[in-house]
Amino acid sequence: MKNHWTKGSPLRLSIAALAVVALAGCASLSPDGGVSDVQTLVSGKTGGVDATLGAGEKSGAAADNTVGELLKAPVSAESAVRIALLNNAGLRGSLATLGVSDALRVQAGTLPNPHFSIARLRMGDEVEIERLLTFNLVGLLTLPWKYQWQTQQHELAKMQAAQDVIRFAANTRKAWITAVAAQQTAMYMRDVKEAAEAGGELARRMARVGNWSKLRQAREQVTLNDATAQLARAEQAAFSARERLVRLMGLWGAQADFRLADSLPDLPKDATPMADIEARALRERLDVRSAMAESRYVAEQMGFTKVTGYFDGMSIGLIRNSVFDNDAGTKASNRGVELELPLPIFDWGGARNARSRAVYMQSATRVQETAVNARSEAREAYFSYRTTYDLARHYRDEVLPLRKFIGEEMVLRFNGMLASTWDLLADSRAQVMAVNSAIEAQRDFWLAETDLQTALTGTSPGAMAGATASVGAGGGDAAAGH
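Here the structure is a predicted model, which means the values were calculated and not measured. (Residues numbered from 1 in each chain as written. Predicted model: local features only at pLDDT ≥ 70, side-chain atom pairs only at ≥ 80, totals over all residues. Heavy atoms only, no water.)

Colleague: Could you clarify how one ought to interpret the overall build of the chain in this entry?
Modeller: Tallying secondary structure elements over the chain gives 13 helices and five strands in all. Buried residues in the chain amount to 40% of all 482 residues. Long-range contacts, defined as pairs at least 24 residues apart, comprise 82% of the intrachain contacts of the chain with a sequence gap of at least 6. (Helix = DSSP H or I, 4+ residues; strand = E, 2+ residues; numbered from the N terminus. Buried < 20%, exposed > 50% of the residue type's maximum accessible area, 1.4 Å probe, protein only. Contact = heavy atoms within 4.5 Å.)

Colleague: Would you explain the pattern of salt bridges in this entry?
Modeller: Enumeration over the complete set of coordinates arrives at 20 salt bridges. Notably, a salt bridge pairs lysine 174 with aspartate 451, separated by 3.0 Å at the nearest N-O pair. Of this pair, lysine 174 sits in helix α7 (residues 143-208) while aspartate 451 sits in helix α12 (residues 421-457), placing them 277 residues apart in sequence. Salt bridges sharing partners connect three or more residues here, namely Asp270, Arg393, Arg396 and Asp397. (Salt bridge = Lys/Arg side-chain N within 4 Å of Asp/Glu carboxyl O.)

Colleague: Help me understand helix α4 (residues 77-87), please; the structure alone is not making it clear to me.
Modeller: Every α-helix carries 3.6 residues per turn, so stepping three or four residues along brings you back to the same face. Here α4 lies mainly inside the structure; nine of its 11 residues are buried. Where α4 is concerned, the buried positions are Ala77, Ser79, Ala80, Val81, Ile83, Ala84, Leu85, Leu86 and Asn87.

Colleague: Would you take a moment to explain the packing of α4 against α7 for this structure?
Modeller: Helix packing geometry: the angle between the two helix axes and the distance between the axes. Between α4 and α7, the shortest axis-to-axis distance is 9 Å and the interhelical angle comes to 135 degrees. By the angle between their axes, α4 is oblique relative to α7. Of the two elements, α4 crosses α7, and the hand of that crossing is right-handed. Here Ala77, Glu78, Ala80, Val81, Ala84 and Leu85 of α4 lie close against α7, whose contacting residues are Val165, Phe168, Ala169, Thr172, Arg173 and Trp176. Of the residues that constitute the contact of α4 with α7, the class distribution is nine nonpolar, one polar and two charged. (Axes fitted to C-alpha atoms, helices over the stretch in contact; angles between N-to-C directions. Parallel < 35°, antiparallel > 145°, perpendicular 65-115°, else oblique. Left-handed = near helix turned anticlockwise from the far one by under 90°. Nonpolar A, V, L, I, M, F, W, Y, C, P; charged D, E, K, R; others polar.)

Colleague: What's the story with the packing of aromatic side chains in this structure? I'm lost.
Modeller: The geometry of an aromatic ring pair is captured by two quantities: the separation of the ring centres and the angle between the planes. Evaluated as defined, the whole model comprises four aromatic pairs. With centroids separated by 5.4 Å and ring planes inclined at 40 degrees, the aromatic side chains of tyrosine 385 and phenylalanine 445 adopt a geometry described as tilted. A residue pair is termed long-range when its members are at least 10 positions apart, and tyrosine 385 in helix α11 (residues 350-415) and phenylalanine 445 in helix α12 qualify at 60 residues. As far as the burial class goes, tyrosine 385 and phenylalanine 445 line up, both buried. Among the aromatic side chains, those forming a connected cluster through ring pairs are Tyr382, Tyr385, Tyr389, Phe445 and Trp446. Above the face of the phenylalanine 258 ring, arginine 242 is positioned so that its terminal group lies 4.1 Å from the ring centre. (Phe/Tyr/Trp six-rings, centres within 6.5 Å; stacked < 30°, edge-to-face > 60°. Lys NZ or Arg CZ within 6 Å of the ring centre and 35° of its normal.)

Colleague: Would you take a moment to explain the nonpolar core for this structure?
Modeller: Side chains of a nonpolar character, in soluble globular proteins, are inclined to be buried together. The biggest cluster of nonpolar side chains holds 79 residues, and the ones touching the most others in it are Val38, Leu85, Trp176, Leu245, Met249 and Phe258. The dominant element in this core, judged by the number of residues it contributes, is α7, at 18 residues. Here tryptophan 176 is in contact with Val75, Ser76, Ala77, Ala80, Leu245, Leu260, Ala261, Ser263, Leu264 and Pro265, once residues within four sequence places are set aside. (Core = buried A, V, L, I, M, F, W, Y, C linked by side-chain atoms within 4.5 Å.)

Colleague: Any chance you could explain the packing of helix α5 (residues 89-108) against α7 here in plain terms?
Modeller: As a packed pair, α5 and α7 sit with axes 8 Å apart at the nearest point and diverge in direction by 170 degrees. Of the possible angle classes, the one that applies to α5 and α7 is roughly antiparallel. Residues of the contact of α5 with α7, tallied by class, amount to 11 nonpolar, six polar and five charged.

On their own, these measurements won't tell you what the molecule is for.
Dropping the structure here:
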């Protein structure tokens, strides 16, 4: 349906309206695409590390210098996280997608291009030239709302990027914990093998002089073979854990020859009591805030869809016709405005509105699901934190002191010829296994502590069954150590 006006006042009003819309739709690109906002969102949520994100075209040299300085000293958990956030190429690529979201935001605030058409018509001696400049009127009038919607989408993208950063920092910290614990375990397994080798050599000599049977010698040989296999597994686990950390930190070449810290941090004096973990998770977690913001934005978009559904495609055009009469040698010109409206005959917008309602219900249920998961994950993470702390403290305060006492008593008995060499070697092996179990318990505590901080202030830490399974494995080793 087309209507034409030839008076000048509607044209002036239309131009004034376009000027207002142009002023409302001004937008510019962020200098860093929103990375600085992500930096603010993750502040205090990356395991106590005030880390800088490695993003931007000019950050390469500065990041390399910082990484080089950090690698000069043994890599701690904090320095590993700092290096990973600065140097990991995958994380930098993920942050670069914020530039895409920012560009879409600016594009949504940019005036749509007008359409120009020209026609030449001839009737006898008359020639008519028609020129038409068309603007998408709905696109112009709804430009501020579209810009607001895309800005909201950009805010959601920044929240998602912040969650990725927090999860990445937590994974790096856990990789460091696992690598250091595996390194300690491999070192102690070498002691076990050395003790088994000493026992095997002594058994061989005693069997050669006839003081031992072949059966007892074979048993000591089996012990040595088992210790050799366990050492190989421990060294493989340590190598794999270190390489995973290398990948997360984005190191290569000579950088991969860094030194890890010798041991895990000591246990804290006491476990941190937390009485409001569920409320804190709902208040501080970014995935909860993101789900709530998304639901609110979808509700606003649903109202926008209802308003504009019937008039989508409405356009306004400026017309100028020139008619040339070749016989009379005259020229006549007409100017006017053309308004084009779609007729809602077949599509009344019912399906579009139904889709909007369904999307809103989907976002509302996502908020509920995220809140339920956040509270449950916070409780689970804290229970794992307390359990692993109590277990690690039990090893530190009970098992290891007892093992040390037994070892000292065995040395006294050996010196007094009340215990044999075999008793001393067996106790040495048991003591080393107890130390390995204590290392595993300490590792599990720091892994659980990382998951707890992520579940309370960041986002979902994912499946935490691994920590629980490793706690169970540590308990089995402890039983063997006794």
